[in-house]
Amino acid sequence: MLPLLTVLTVRGAKDLLTDLRRRRSDAKINRRPCDILTTQGFTTAQWKDVCVGDVLRIHKDEVIPADLLLLCSTEPHSLCYVETADIDGETNLKFRQALNITHIELTSGQTEELLLPFDGVVWCEEPNGHLYSFRGELHWKGQCHLLDPEHILLRGTVLRNTDTVYGLALYTGSDSKILRNCGSLKVKKTRVERFLNKVVVTIVLSLLTVALLLAVGCGLFEHLISPNIEVLSAIKGNATAAYRGFLTFWGYIILLSPAMPISLYITFELVHIVHCLLIGWDIEMYWEENDRPAQARTTSLNEELGQVGHLLSDKTGTLTQNRLLFRQCCIAGQIYGDITTKSKQLDLSWNRFSCGGLCFSDQRLVERLRERSCLESREFFTALALCHTVMSEWKDGLPRYQAASPDEEALVCAARELGWVFLSRTRDSLTVSELGFTRHYHLLALIDFSSKRRRMSVLVRTPEGELKLYCKGADIVILERLRKDSLHQESTELALEVFAQNCLRTLCVAVRHVSEAQWTDWSHTLSEAATATVHRETMLEELHEHMEKELTMLGVTAIEDRLQEGVPETISSLRRAGVKVWVLTGDKTETAVNVGYACKLMDPDTRLLQGEELRQLLQSPTPDICFHKDKESLIWNTEKSGKAAIVVAGFELAELIKTPEMGARFVSLSNQCQSVLCCRVTPGQKAEVVELVKKYSSSITMAIGDGANDVNMIKTAHIGVGLCGVEGGQAVQNADFALAQFSFLRRLLLVHGRWSYRRICSFLRYFLYKTSCFALVHIWYSLYNGFSAQPMYESWFIALYTTTYTSLPVQCLGFFEQDMSAESSLRWPEAYSAGQRNEFLNPLILLATLFYSIYTSIILFFLPVGVLQCTDVDYQTLAVTVEMSAIFSVTTEMILETKFWTKYNLATVLLSQVLFFLSTVILHSPRLFTAFPHDYVFIGASLNAFANPVVWLVVFLTTCAAVLPSITVRALNVVLTNPNKHKIHSSEEPVVLQSWFRRGVPQRRSSYAMSQGKGFGKLMSLGTGPLSAAPPLDGKLAKDTVRADSPQIAQAEAANGVTSNEKNSGNVRDAVTLNKTEQTYGSLSLVVSD
């Protein structure tokens, strides 16, 4: 009972510490302060005190403590701006606006005094986890006002650029939408632990059965044989055979208890703890910038790090830095900016509005802009400064921008740094500083961006009186709307190819000159369409199409959505390791696709399966789904192979999750693809996707994220990893492992995960082997002692065998064993797949281990008995011989099992042998027998055995015979294994690998334009927005013919050998010369090509 109580106490203490840590984290959040309206005015309270119906006051940069109905704010028209990074991962600001009735009534005087008699009644839906929908009504002053999501401030969002807002609490605590998406706490157990539990139960039941059979044998022996032997009959006394059998049953339970690996759980927990410490101590996973080491917050999931088959990752803040940079542009056929080399920083000291941070390096463009020698360049940046929905505020004499998307902010900021500074806007005007000259543009119309249109336009009257339409959007949209004689179209296509190769997000910029007559007719028709009651949206779309045509190309911008350091290399290594990477994001489809290309989630020629094509595949009657479709025959081909990735939206996922058959086929199809991108998904849907993979796939799932919107997913997956990002700490608080950077995941899985899995598997196999072969000797000895439960070993040896003689080496095996170094594990990630296939601990492996332990136990008993029975050796000497054989056999097996020797392994092996011999001599001393005659009965047995050369010969032969199968298997493995499969041969000449780049789908290059969310165009058109200046959103492209001095074009042509007649072929070939390197791995010399 003592070992069992020890195990339960240790595991209970560990779980208690984990729960206490979570409780402290929750208490810290619940104690956050907030202002609640009482009869005495606003008083400070804690989040946990907020109740439904309370009126709260929120100040700038404070976190919203509950789901609130926005009543009013200090901004004009009761607007406010919130950052939803902790909800959907997006750092760009969203606007919310109060109802007109509450704005008018509550801002007409002192707001706090007007709020005291507020008696509005809100009817709304039951608490739910739908973040993007809300239905309700406000009944106040005899009127009913409809409520929608634009009137709601969600818990977890942060108030930005607004001094104060006032809100009515609708959902609090666990009823809030974000907590409804967090899911419940799940107790996680590893696959190895569940398998081990079944094995232990099987072993216990088997040993109970064996003990029962031996007890029956004892009863039969006492009943049939003992009466015929005078000595045994005298010893028996008056006890019945059944009673003797009953006592023998419990005697064998005690003797065989070492084979019941209860102590295994204690050592198992200790190995887990050491593995967690090694993860935290790994200096390669320490992030110096924020002083964050890797952290294992759960101590029971280490081995599953080496078995991950599906990685489900958030995008924003996890893969990317949320930092978009203007890197290149193409204007008038000239590409500016070179990301292939490090250039000097631009000299922008002449620009008094420069705020820094521009990662664009090409002084030629600055000189041409300042010299006013290139009209196209000036028009291009004028378009960037005007065509957007950016808001601005002034800080320290400089404009600061807030945009509907980070892309838009990046473009307006780039224009500001290069001299085209967006200063302010009103309902019908835009003010821009162009190289120090302030110019006022009359805003006639703003046609806002939408995911369907994939473009936006502004119609302005210039200070010179000209009418111009500036339009920016996806390349496929803009190119089809160009004038037939538009210049630079071919060069634009080539520039798009070049930018796409660098995984830059591109946007086309165009202009149209509009006549007064055209404007008059169009504006008149627009007014009529705006007031129409039937087919209004259709009429407006037709008018927009009519105006946005006959465009003239100005150029293209190229923006880098900066990934976290090492993300492409990490994903590439994980893919080589056989891990299926899924990206789950709340962003637009095009944003996710673009990042997918940039981070090597997909290859440049990967085919995207989405929409109707994906639906047809899933509904295909073919049982074995395959993504390839023959374009000519239009028949799904299950034989041909190709590269494909699945792109699925949130509403499509809802259908898949509801239909089990479709869900199973979806997971099956995803296993044949490179990756899966799930876009516009809610936190709840992220968890449902994880459940879908767990249900229809046998692989281990890992979820990684950095925000509160990822908590449910992290809890649902087999392993949850939280990143210490910019979106708060809720992901880390609910995660099993915490990292500072996504790139550390590579080392966590391929090194620590793989090591942990192999170490624990080796540890478990060896532990079961050493305990079983030791205990089963009693069964064979029972054949000679009349099933009397007499032990084969000395009682003290039985007590010290597991705790002293063999415990330290097996612990070192579990702590330090590794078959490959960390560098080799990272260099050859393919070795990771062994854990995914569960090669080192499965029923077959375990059955072989148990058979091996039975064989060893037979050798340990019968070989010494067979040799020594013809000599004058007594029982005690035989016992010492078997003990020595057991110690030497399991130690030799440990030496064979250990592939990575440290000073600790060597020390523990030697120490265990020394302890065995010292303790044996001490425990067999006459002095102890004299003091305790009933406890120390082996008087001088060890010294007699050690002095007998026959004993040593028997021990040597027994040890050799016991480990012979293990040595034989290892030798056969070396001999029969084909050595060529471990070596990559290369010729003396360098090998040149050539890869042809194919554009793939054209939508990829302008996915930026579609990634932008709906802007503030509606507010600006209605005149409800404040005066502002906005941050840059897009990068645009260049003109007709790309000139020969464009650095990237010249490099591409030189690499390809493209002549002037071949420049339009669009094929770019990269040549890589492989140099031979040699790496020694074990006893094999690997020649690999890098």
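Below is a summary of the structure that appears in this document. (Residues numbered from 1 in each chain as written. Predicted model: local features only at pLDDT ≥ 70, side-chain atom pairs only at ≥ 80, totals over all residues. Heavy atoms only, no water.)

## Here's the deal with empty space enclosed by the protein
Applying the stated criterion to the full structure yields five cavities of 30 Å³ or more. Estimated volume of the second largest cavity: approximately 50 Å³. Lining the second largest cavity we find Tyr 766, Tyr 805, Thr 806, Pro 809, Thr 891, Met 894, Val 909, Ser 912 and Gln 913. Within the residue set of the lining of the second largest cavity, elements represented by two or more residues are α32 (875-897) and α33 (903-923). The greatest single-element share of the lining of the second largest cavity, amounting to three residues, is contributed by α33. Split into classes, the residues belonging to the lining of the second largest cavity amount to five nonpolar, four polar and no charged. (1 Å grid on protein atoms, 1.4 Å probe; cavity = no way out; pocket = protein on both sides within 12 Å on 5 of 7 lines; lining within 4 Å. Points joined across faces, edges and corners; volume = space filled by probe spheres on them. Helix = DSSP H or I, 4+ residues; strand = E, 2+ residues; numbered from the N terminus. Nonpolar A, V, L, I, M, F, W, Y, C, P; charged D, E, K, R; others polar.)

## As for the packing of aromatic side chains
Enumeration according to the criterion identifies 42 aromatic pairs in this entry. An angle of 80 degrees between the planes, with centres 5.1 Å apart, marks the rings of Phe 249 and Trp 250 as edge-to-face. Aromatic side chains Phe 932 and Tyr 936 sit 6.0 Å apart centroid to centroid with 55 degrees between the ring planes, which places their arrangement in the tilted category. For Tyr 936, a relative accessible area of 12% translates into the label buried. (Phe/Tyr/Trp six-rings, centres within 6.5 Å; stacked < 30°, edge-to-face > 60°. Buried < 20%, exposed > 50% of the residue type's maximum accessible area, 1.4 Å probe, protein only.)

## Observations regarding the packing of helix α19 (residues 611-618) against helix α21 (residues 660-670)
Each pair of packed helices can be described by the angle between their axes along with the distance between the axes. With their axes 10 Å apart at the nearest point, α19 and α21 run at an angle of 105 degrees to one another. With respect to each other, α19 and α21 are oriented roughly perpendicular. Between α19 and α21, the residues in contact are Leu 614, Leu 617 and Leu 618 and Met 662, Arg 665, Phe 666 and Leu 669, respectively. Residues of the contact of α19 with α21, tallied by class, amount to six nonpolar, no polar and one charged. (Axes fitted to C-alpha atoms, helices over the stretch in contact; angles between N-to-C directions. Parallel < 35°, antiparallel > 145°, perpendicular 65-115°, else oblique. Contact = heavy atoms within 4.5 Å.)

## Regarding the state of the cysteines
Taken as a whole, this structure holds zero disulfides when the rule is applied. Left unpaired, Cys 508 is separated from the closest cysteine sulfur, that of Cys 471, by 9.7 Å. (Disulfide = S-S within 2.5 Å.)

## A short note on the pattern of salt bridges
Per the counting criterion, the structure on display carries 38 salt bridges. The shortest N-O distance in the salt bridge between Asp 282 and Arg 747 comes to 2.5 Å. With Asp 282 in the loop between α9 (262-281) and β13 (295-296) and Arg 747 in helix α25 (residues 744-775), the pair connects residues that are 465 residues apart, well separated along the chain. Like Arg 747, Asp 282 is buried. Ionic pairing is found between Asp 710 and Lys 686, a salt bridge with its closest N-O pair at 2.7 Å. Of this pair, Asp 710 sits in the loop between β30 (700-705) and α23 (711-716) while Lys 686 is found in helix α22 (residues 683-696), placing the two residues 24 residues apart along the sequence. (Salt bridge = Lys/Arg side-chain N within 4 Å of Asp/Glu carboxyl O.)

## Considering α19
Taken residue by residue, α19 has Leu 614, Leu 617 and Leu 618 as its buried positions. Within α19, the buried residues cover an arc of 95 degrees as seen down the axis, which keeps them to one side. Elements in contact with the buried residues of α19: β27 (607-609), β28 (644-649), α20 (650-658) and α21. (Arc of directions from axis to C-beta.)

## Observations regarding unusual backbone geometry
Among all residues except glycine, the phi angle is most often negative; among peptide bonds, the trans geometry is most common. One non-glycine residue with positive phi stands out, namely Ser 78, at about 55 degrees. In this structure, Ser 78 sits in the loop between β4 (67-73) and β5 (79-83). Given a relative accessible area of 0%, Ser 78 falls into the buried group. Residue Lys 141 is not a glycine yet carries a positive backbone phi of 55 degrees.

## Considering the side chain of Glu 417
Looking at where Glu 417 falls in the secondary structure, it is placed in helix α12 (residues 406-417). According to the relative accessible area criterion, Glu 417 is buried, its value standing at 2%. One polar contact links the side chain of Glu 417 to the main-chain amide nitrogen of Gly 356, over a distance of 3.3 Å. For Glu 417, the contacting residues outside a window of four places in its chain are Leu 348, Trp 350, Asn 351, Phe 353, Ser 354, Cys 355, Gly 356 and Leu 358. (Polar contact = N/O pair within 3.5 Å; in protein donor to acceptor, adjacent residues only side chain to side chain.)

## Examining a negative patch on the surface
On the surface, Glu 288, Glu 289, Asp 291, Glu 565 and Glu 569 cluster together into a patch of negative charge. Among the structural elements, Glu 569 can be located in helix α17 (residues 567-576). (Patch = residues over 30% accessible without salt bridge, like charges linked within 9 Å, V, L, I, M, F, W, Y side chains within 5 Å. Areas by Shrake-Rupley, 256 points an atom, 1.4 Å probe, with all protein chains shown as cover. Lys, Arg positive; Asp, Glu negative; His and termini not counted. Charge placed at Lys NZ, Arg CZ, Asp CG, Glu CD.)

## Remarks on the side chain of His 924
Structurally, His 924 can be placed in the loop between α33 and α34 (926-931). Owing to a relative accessible area of 1%, His 924 belongs among the buried residues under this scheme. Reaching out from His 924, the side chain makes a polar contact with the side chain of Glu 794 at a distance of 2.8 Å.

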